[in-house]
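Letter by letter, the chains look like this.
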Amino acid sequence: MVCIGIPTGTSVLITDRPHLLQHAQTLKPSKTITSQIHVRFLDQPGNRARLPNLCVRRDGVRVAALQTKTAWPTQSMVEKLPLEASTDVEYDAVIIGSGMGGLATAAQMVAKGAKVLVLEKYLLPGGSASHFKREGFTFDVGSSMMFGFGDEGTTNLITKCLEAVGKKMATIPDPTQVNYHLPKSSRFPEGLNVRVWREYNDFVGELSARFPHEKDGIQAFYDTCWKVFNSLNSIELKSLEEPRYLMQQFFRNPIACLTLAYYATTNTGEAARRYIKDPELLRFIDLECYIWSTVAADLTPLINSGMVFCDRHFGGINYPVGGVGLIAEHLAEGITEHGGNIVYKANVKEILMREESNGQQSTGSAGQRAYGVKLADGRVFRGKTIISNATRWDTFENMIGDDHLPQGEKLFRKRYKKAPSFFSMHIGVKADVLPPGTDCHHIILENWDKMEEPRETIFLSMPSLLDPSLAPEGHHIVHAFTPDWIDAWQGLSPEDYERKKEEVAESLCKRIEAVIPGLRGAITLKEVGTPRTHRRFLSRDDGTYGPIPSRPPFGMLSMPFNTTEISGLYCVGDSTFPGQGVNAVVFSGFGCAHRALCDLGMEPSWPAVDQVLKSSLKSIRDGS
Ligand SMILES: NC(=O)c1ccc[n+]([C@@H]2O[C@H](COP(=O)([O-])OP(=O)(O)OC[C@H]3O[C@@H](n4cnc5c(N)ncnc54)[C@H](O)[C@@H]3O)[C@@H](O)[C@H]2O)c1
Ligand SMILES: CC(C)=CCC/C(C)=C/C=C/C(C)=C/C=C/C(C)=C/C=C/C=C(C)/C=C/C=C(C)/C=C/C=C(\C)CCC=C(C)C
């Protein structure tokens, strides 16, 4: 057992019983810390089975503790461990939020030697990509469909992110990305059913068999996506706001960069209509976009579709053994092992700003520079850069205030609106309700015209079909979710809220029985969440899934990248390009870390041309 970051003189209770946390005040301390890093090797390594796993300060606060699982800690490991987050130092980066965007930024930055502090409001890392446990089930909070987990190329961003802090996770390949159960029509009286197989030719073959008259169009459309993907997969993926890197990539791989530049302003609907005429098939392409972007193809940049429609075949969809939440936990562990600090239950209330000094030019509307953050408990942490992983609405409205809203943010609010949140059910079922060979992910939609309406498109994920360790023996997980707005759940009495939850859950379960016959009779556990639940636990304004364009975007160039108009303040996560998606926010983390490291002088850059690129990107965005 190694206790870290406990101030000298603190009395600590070392216990292996979580329930003692509540009574820590009244119990006798078992140890007084005598040095800043207090190392307590408990007896002999042979006693490890009985090792405590919690270390509690007398005031009841759980302190940083590390119990190595594989090896007995060595003195050099202990020396590398960070001290408790200090309010006395200036960090290179203070990161607000430990969602995948924040963690990816932190991982890249600590790997380059930056001094990083991550402040997380919740008790665990991962945000929307975290997990929770109930009665032996391990439920993913959000999506169980992981892109970017392959072994090859440059687009396997989750794999690369873990590697940066010395971590690797075992994954289970999913033979299909998704099984679509779609509306009945004159051509498909039983309903259209399409599986997206891991093997590209199997998928295109199956879709072409459903729409034989569009065989060439299907091939040409997905081939265009491959052009985008192959280009992305052959260049290093870093900040698009960094001129030196862009120039380097252009010299190394001009064809790939020119291809990306060519498609940078294209949306997916436009590309699909170039090759496909059948309205039903075009609706299918809309749905192919909607299930991850929550908007139809006309509002989805082709660069993003290239990534999603091809990585599912190139790297494949791979499920991390033990659940999605472990990705964030591995990253958090790697970040602290590399000297970073993560503080949980740290609710940032304010981003502190001052007038830009020493004649440095500010890009901020009011010449402001962010220099620190203030927590709800009054603590202040200072940073040379401040990086927000919260949504843009939470960052600018709640932590800065509308008085300081930069011009660019006003424009963003005109161009982008909040996507709906989700109604979700995390269900435990008896295993025999799922016949062998059932696919992990399904989409159910009965009426094309209602695709974007609340509670119409149903998403189903059953990750225990891939990793049985997520559910108790003889059981499986059914995670069902559907887009929904918070307005429908406001202003209800507690009884009405509960009643409405039950009614909606019942009607969804009935519809899901079209795919899982007998579902309702097989349920052993059901946790129902509404947009209010998402707002509360994920700290996202209105529980939103992220920003969506209010009108067709200028391809990938409408969405802001990581810098903001306030000097020293960056955004990362799904409020920045390329938007929602775990691998998408990890990319935004790569970009954010790269740009911040350049600004800190820790990565080579060309400061003289920075401003030119920034202004050009801004004018493209403003004029788009
Ligand atoms: N929103 C959803 O319902 C939902 C569901 C499934 C998946 N997803 C996916 O999750 C990903 C989102 O990743 P992300 O990294 O952009 O964001 P995130 O929402 O996952 O993480 C943001 C983190 O910031 C923390 N935070 C917010 N305000 C804070 C404050 N004031 N002080 C301290 N911490 C604060 C939150 O607790 C959270 O951990 C996307 O991939 C999205 O597609 C979202
Ligand atoms: C102009 C300039 C600046 C430049 C020019 C040229 C160039 C160089 C360019 C470049 C570019 C780049 C690099 C780009 C990049 C991009 C990227 C990376 C992208 C990515 C993306 C991704 C994405 C979008 C993803 C997504 C995903 C998702 C969202 C998912 C989700 C899922 C879910 C929800 C689940 C479902 C379920 C069921 C079905 C059940």
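First, a word on what this report is: a plain description of the structure on this page. In this text, all values refer to a predicted model and were calculated from it rather than measured experimentally.

**Things to note about the overall build of the chain**
Right, on to step 1. Of regular secondary structure, the chain possesses 18 helices and 26 strands.
Right, on to step 2. Across the 624 residues of the chain, 56% fall into the buried class.
Right, on to step 3. The long-range fraction of contacts in the chain, counting pairs at least 24 apart against all pairs at least 6 apart in sequence, stands at 72%.
Right, on to step 4. Carbon and sulfur atoms make up 52% of the accessible area of the chain, which amounts to about 25900 Å² in all.

**Regarding the pattern of salt bridges**
Right, on to step 1. One pass over the full model with this rule turns up 33 salt bridges.
Right, on to step 2. With a closest N to O distance of 2.7 Å, Asp278 and Arg187 form a salt bridge. Linking Asp278 in the loop between α8 (268-275) and α9 (279-293) with Arg187 in the loop between β12 (176-182) and β13 (192-197), this pair joins segments that are 91 residues apart in sequence.
Right, on to step 3. Given a relative accessible area of 7%, Asp278 falls into the buried group.
Right, on to step 4. Within this structure, Lys112, Glu236, Lys238, Arg252 and Glu603 form a network of salt bridges that share partners.

**Some details on the site of ligand 2**
Right, on to step 1. What surrounds ligand 2 is a group of 32 residues, the closest being Trp292, Leu460, Gln580, Gly581 and Asn583.
Right, on to step 2. In the complex, the protein chains occlude 95% of the 1000 Å² of accessible area that ligand 2 would expose alone.
Right, on to step 3. Secondary structure elements with two or more residues in the shell around ligand 2: α7 (254-263), α9, α10 (302-316), β21 (441-444), β22 (458-461) and α17 (582-599).
Right, on to step 4. It is α10 that provides the largest number of residues to the shell around ligand 2, a total of 4 residues.

Rules of the game
- Residues numbered from 1 in each chain as written.
- Chains lettered and ligands numbered in written order.
- Predicted model: local features only at pLDDT ≥ 70, side-chain atom pairs only at ≥ 80, totals over all residues.
- Heavy atoms only, no water.
- Helix = DSSP H or I, 4+ residues; strand = E, 2+ residues; numbered from the N terminus.
- Buried < 20%, exposed > 50% of the residue type's maximum accessible area, 1.4 Å probe, protein only.
- Contact = heavy atoms within 4.5 Å.
- Areas by Shrake-Rupley, 256 points an atom, 1.4 Å probe, with all protein chains shown as cover.
- Salt bridge = Lys/Arg side-chain N within 4 Å of Asp/Glu carboxyl O.
- Near = heavy atom within 4 Å.

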